[in-house]
Amino acid sequence: PNFSKNYWETLKKSIDNGCTQAYYLLAICNKHGILNCNDYGDYTFLLNRAKDQINQMNTYAYIVLAYEYKDVDKKLYVEYLKKACLLENPHAFSELGQYYHDNGNYTMAKKYYKQGCDKNNSHCFFNLAVMHREGEGYKVNTKQSKKLFKRSYELGNMKACVCIGGIYQDDGNYHEAKKYYKIAIDKDDPLACYNLGIIYKNDDKTFKAIKLFIKGAKLDHYGSQIMLGNYGVDLDATDDNIHNIIQLHNTFKYFGAYDEF
């Protein structure tokens, strides 16, 4: 982006007044070559300067520092995330919970996810729901999982919407499953396209199923691409093409030429 002279002058004034957010923004601009700001120091210096002046209103410098060490020094990565957590950064709770979750430390994962939920972090609700669903640190509890997924969805996590649909689908409540899948499909979620397509396929609503598989395939969902291959449908197939292919399958499905048609 092209930053105006006024933006640069205002940012410098903020830095001169010790604004930690301005140091953070300048560090990012420096790293990506957006502004010629080397007179104020390089990326690492500016980020540490923000960290040194940090307060409860600005904890993102710790988050960025943590990312810098994520693949280099796990100890420092965790240390910076914990500092951000002490300053109640919601994203830090999610990131730290995910770290422990991925490493199988479910006790610590639950601890940080729960603290993130207290801050209304949608990812913390989502991941805690996954733990209940999969029996990670808890007994399997789909009722509690669904409740947590719904809260995550209410906070804007569309992936949670698909998971809610999946729970209803597994329970045989296809009416509710369809409702949540359709919400996610409107936001171009590929897995929702595939899952609802499978429901329609099993209901012999082949045309609707294929249309959803096409959309899912265009969104790079592998399962949808496989289903289109089974039907022999191209991504650019018209409605007439689809109807002709369905008629062809219906004509020959009892001839033993196909595995499932």
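Rules used in this analysis
Residues numbered from 1 in each chain as written. Predicted model: local features only at pLDDT ≥ 70, side-chain atom pairs only at ≥ 80, totals over all residues. Heavy atoms only, no water. Helix = DSSP H or I, 4+ residues; strand = E, 2+ residues; numbered from the N terminus. Contact = heavy atoms within 4.5 Å. Expected span 1.5 Å × (residues − 1). Buried < 20%, exposed > 50% of the residue type's maximum accessible area, 1.4 Å probe, protein only. Arc of directions from axis to C-beta. Polar contact = N/O pair within 3.5 Å; in protein donor to acceptor, adjacent residues only side chain to side chain. Core = buried A, V, L, I, M, F, W, Y, C linked by side-chain atoms within 4.5 Å.

Side note on the side chain of Asn127
- With respect to the helices and strands, Asn127 occurs in helix α8 (residues 122–134).
- Excluding its chain neighbours within four sequence positions, the residues that come into contact with Asn127 are Gln98, His101 and Tyr113.

Things to note about helix α5 (residues 74–86)
- Here α5 contains 13 residues, and its C-alpha end-to-end distance of 18 Å stays within 8% of the 18 Å for a straight helix at 1.5 Å per residue.
- Looking at α5, one finds that the buried residues are Tyr77, Val78, Tyr80, Leu81, Ala84 and Cys85. Here the buried residues of α5 occupy an arc of 165 degrees about the axis, which is enough to place them on one side. Opposite the packed face of α5, turned more than 90 degrees from it, sit the exposed residues Lys75 and Leu86.
- By the N-cap criterion, in which a side-chain oxygen at the helix start approaches the backbone nitrogen of a residue two or three places on, α5 is capped by Asp73, the distance to Lys75 being 3.1 Å.
- One or two residues past the end of α5 sits Glu88, with phi positive at roughly 65 degrees.

Section: the nonpolar core
- Counting 70 residues, the largest nonpolar core has Leu47, Phe149, Ile210 and Val233 as the members making the most contacts within it.
- Sequence-distant contacts of Val233, that is, excluding residues within four places in its chain, are made with Ile210, Ile214, Leu228 and Ile245.

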